[in-house]
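Structural description and commentary
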Amino acid sequence: MMERFDCKLWLSTSEHAAKTRRFERVAYLDRREGGMREPGQLWKTEGYFDQIAWTNHLDSHKWLIGEGGCDEIVSELGAYKAGIHLRAQDLRVEDTVRWAVGIILDEMKKLSGLGEKGD
């Protein structure tokens with residue numbers, strides 16, 4: 001089954017949600033040459049997020065999300081593109097788990113032939 005089962009899930013997020021999560025994280029310490037980065041330095045700045053983190057995310061996934069970016073990719077459940085199931089943006093964890101389990105069960109039914117007409 002493992003060799004035959006290939007189910008890809010994309011958990012999209014909006015720029016707003018990604019930025020909000022980043023700035024609400026508890027600061028962490030980054031050891032560098034024996035020193036420690038002060039909380040909130042670089043990784044947590046607006047400039048780093050806008051110019052580096054989010055821009056690289058969009059560039060790396062352009063093949064899937066297109067030129068419009070994540071904010072335009074998925075507005076409803078059930079989207080499917082390039083062999084990947086796309087989750088609607090910014091769902092709660094519980095809704096994401098329900099969606100993912102539903103997709104996985106559907107894919108398993110297809111493999112076993114249970115999802116065919118007449119079953």
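Throughout, a residue's number is its position along its own chain's written sequence, starting from 1. Two thresholds apply to this predicted model, a pLDDT of at least 70 for residue-level local features and 80 or more for giving and counting side-chain atom pairs, whereas whole-chain, interface and lining totals are computed over all residues. Side-chain numbers come from the whole structure's heavy atoms, not from hydrogens or water.

1. Focus: the side chain of Glu107
Applied cut-off: Secondary structure counts use DSSP, requiring at least four H or I residues in a row for a helix and at least two E residues in a row for a strand, with both numbered from the N terminus. Residue exposure (1.4 Å probe, protein chains only): buried if accessible area is under 20% of the type maximum, exposed if over 50%, otherwise partly exposed. The criterion used for residue contact is that any of the two residues' heavy atoms lie within 4.5 Å.
With respect to the helices and strands, the residue Glu107 is situated in helix H5 (residues 93–112). Judged by its relative accessible area of 15%, Glu107 is buried. Ignoring sequence-local partners within four residues, the contact set of Glu107 consists of Phe5, Cys7 and His85.

2. A short note on the packing of helix H1 (residues 15–24) against helix H2 (residues 46–60)
Basically, it comes down to this: Axis definition: a line fitted to C-alpha atoms, over the contacting stretch in the case of helices. Angles run 0 to 180 degrees between N-to-C directions. The scheme is simple: roughly parallel for angles under 35 degrees, roughly antiparallel for over 145, roughly perpendicular for 65 to 115, oblique for anything else. Less than a right angle of anticlockwise turn of the near helix away from the far helix marks a crossing as left-handed, whereas a clockwise turn marks it as right-handed.
Between H1 and H2, the least distance of the axes is 11 Å, while the angle of their chain directions is 130 degrees. Classed by the angle they form, the pair H1 and H2 counts as oblique. Considering the relative orientation of H1 and H2, their crossing is right-handed. On the side of H1, the interface is formed by Glu15, Ala18, Lys19, Arg22 and Phe23, while H2 contributes Glu46, Tyr48, Phe49, Asp50, Ala53 and Trp54.

3. Overview of a nonpolar patch on the surface
Operational definition: Exposure above 30% relative accessible area and no salt bridge define the residues that can form patches, which grow by joining like charges within 9 Å and nonpolar side chains of Val, Leu, Ile, Met, Phe, Trp and Tyr within 5 Å. Note that accessible areas follow from Shrake-Rupley with a 1.4 Å probe, and for residues the cover is restricted to the protein chains shown. Put simply, a salt bridge is a Lys or Arg side-chain nitrogen that is within 4 Å of an Asp or Glu carboxyl oxygen.
Residues Val93, Val97, Val101, Leu105 and Met108 make up a contiguous nonpolar surface patch of roughly 430 Å² in combined accessible area. As for its position among the elements, Leu105 is in helix H5.

4. Re H5
To be explicit about the condition: The span you would expect from a helix comes to 1.5 Å times its residue count less one.
Its 20 residues give H5 an end-to-end C-alpha distance of 29 Å, which sits within 8% of 28 Å, the value for a rise of 1.5 Å per residue. Where H5 is buried, its residues contact strand S1 (8–11) and strand S5 (84–87). Two residues or fewer after H5 comes Gly113, characterised by a positive phi angle close to 85 degrees.

5. Remarks on the pairing of S5
Formally: Paired strands, in this sense, are two strands between which DSSP finds at least two bridges.
Residues of S5 alternate between two faces, with Ile84 and Leu86 on one and His85 and Arg87 on the opposite face, all of them buried. Sheet topology note: the strand S4 (residues 79–81)/S5 ladder contains three bridges and is antiparallel. Residue pairing across strands places Ala79 opposite Leu86, the latter belonging to S5. As consecutive antiparallel partners, S4 and S5 are separated by two residues, and within that stretch Ala82 has a phi angle of approximately 55 degrees, a positive value.

6. Here's the deal with the nonpolar core
The criterion, for reference: Within this scheme, the nonpolar core is defined by two criteria: the residues are buried Ala, Val, Leu, Ile, Met, Phe, Trp, Tyr or Cys, and they are joined through side-chain atoms within 4.5 Å.
In this structure, Trp10, Leu64, Ile65, Ile84 and Leu86 together form the largest nonpolar core, which totals five residues. Listed by contribution, the elements that provide at least two residues to this core are helix H3 (62–65) and S5.

7. Digging into the sheet that holds S4
Here we have three strands laid out as an open sheet, ordered S1-S5-S4, and mixed in their pairing. The sheet is open, and its two borders are formed by S1 and S4, each paired with just one other strand. Strand-to-strand twist of the sheet, defined as the mean angle between neighbouring strand axes without regard to direction, takes the value 35 degrees. Along the sheet, H5 makes contact with S1 and S5, crossing S1 at roughly 160 degrees.

8. Let's talk about the pattern of salt bridges
Pairing between side chains of opposite charge can happen when the charged atoms of each approach one another. By the definition in use, this model includes seven salt bridges. Across the salt bridge formed by Asp95 and Arg92, the nearest N and O atoms sit 3.7 Å from each other. A single network of salt bridges, built from pairs that share partners, joins Arg92, Glu94, Asp95 and Arg98.

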